[in-house]
Amino acid sequence: MIWKALKTAAVAEAHSPLLWGAGVLVYAFLARRHLGYWPSPNHPDPKLLPFEDFHSILFLIGYAAIASPLLVGLYWASPKTWSRIRFSFFGGWALLLVMMFIPGIQFVTWFLD
């Protein structure tokens, strides 16, 4: 019973980087709609926008995304589970890296500063 709950948690945890990246992208679109221009690092502070609840939820999902390699690592050896979650796990981290380092769409850097 506990093993099954841990397995379910790890599968959900594998999707957290993708969910967080999509949430930051939606947050940037909301900021664009509210401000009239795309946000950039240090301009404006994401905490000052009128979306406090969404900002708090994104921070909680972000903490889960940080912990995701630890829980997903438990299932690396399980081919059946790993085959279902690897695309979401690696795709989520790739999305975060793109949104962090490509000039013009540094939404992760903006959100975290």
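Residues numbered from 1 in each chain as written. Predicted model: local features only at pLDDT ≥ 70, side-chain atom pairs only at ≥ 80, totals over all residues. Heavy atoms only, no water.

Engineer: What should I look at first to understand the nonpolar core in this one?
Structural biologist: For soluble globular proteins, the rule of thumb is that nonpolar side chains tend to be buried together. Among the nonpolar cores identified, the biggest contains 16 residues, and Trp-20, Val-24, Tyr-27, Trp-110 and Phe-111 are the most heavily contacted of them. Only helix H2 (16–35), helix H3 (52–74), helix H4 (79–101) and helix H5 (107–112) provide two or more residues apiece to this core. Per element, the largest residue contribution to this core is five residues, and it comes from H2. Not counting residues within four places of it along the chain, the set of residues in contact with Phe-111 comprises Trp-20, Val-24, Tyr-27, Pro-46, His-55, Leu-58 and Phe-59. (Core = buried A, V, L, I, M, F, W, Y, C linked by side-chain atoms within 4.5 Å. Buried < 20%, exposed > 50% of the residue type's maximum accessible area, 1.4 Å probe, protein only. Helix = DSSP H or I, 4+ residues; strand = E, 2+ residues; numbered from the N terminus. Contact = heavy atoms within 4.5 Å.)

Engineer: What is the right way to read the packing of aromatic side chains from this model?
Structural biologist: Throughout the structure, instances matching the rule amount to eight aromatic pairs. Centroid distance Tyr-27 to Phe-51: 6.0 Å. Interplanar angle 80°. Geometry classified as edge-to-face. Remark: Phe-51 occurs in the loop between H2 and H3 and Tyr-27 occurs in helix H2; sequence separation between them is 24 residues. Measuring from ring centre to ring centre gives 5.4 Å for Phe-59 and Phe-111, while their planes differ by 35°; the resulting arrangement is tilted. Of this pair, Phe-59 sits in helix H3 while Phe-111 sits in helix H5, placing them 52 residues apart in sequence. Note on Phe-59: relative accessible area 30%, which makes it partly exposed. Grouped by ring-pair contacts, the aromatic residues Trp-20, Tyr-27, Phe-51, Phe-54, Phe-59, Tyr-63, Trp-110 and Phe-111 constitute a single cluster. (Phe/Tyr/Trp six-rings, centres within 6.5 Å; stacked < 30°, edge-to-face > 60°.)

Engineer: What exactly am I supposed to notice about the environment of Gln-106 here?
Structural biologist: Take Gln-106: it is sitting in the loop between H4 and H5. Separated by 66 residues in the primary sequence, Gln-106 and Ser-40 have C-alpha atoms spaced 6.7 Å apart. Residues in contact with Gln-106, not counting those within four places in the same chain, are Pro-41, Met-99, Met-100 and Phe-101.

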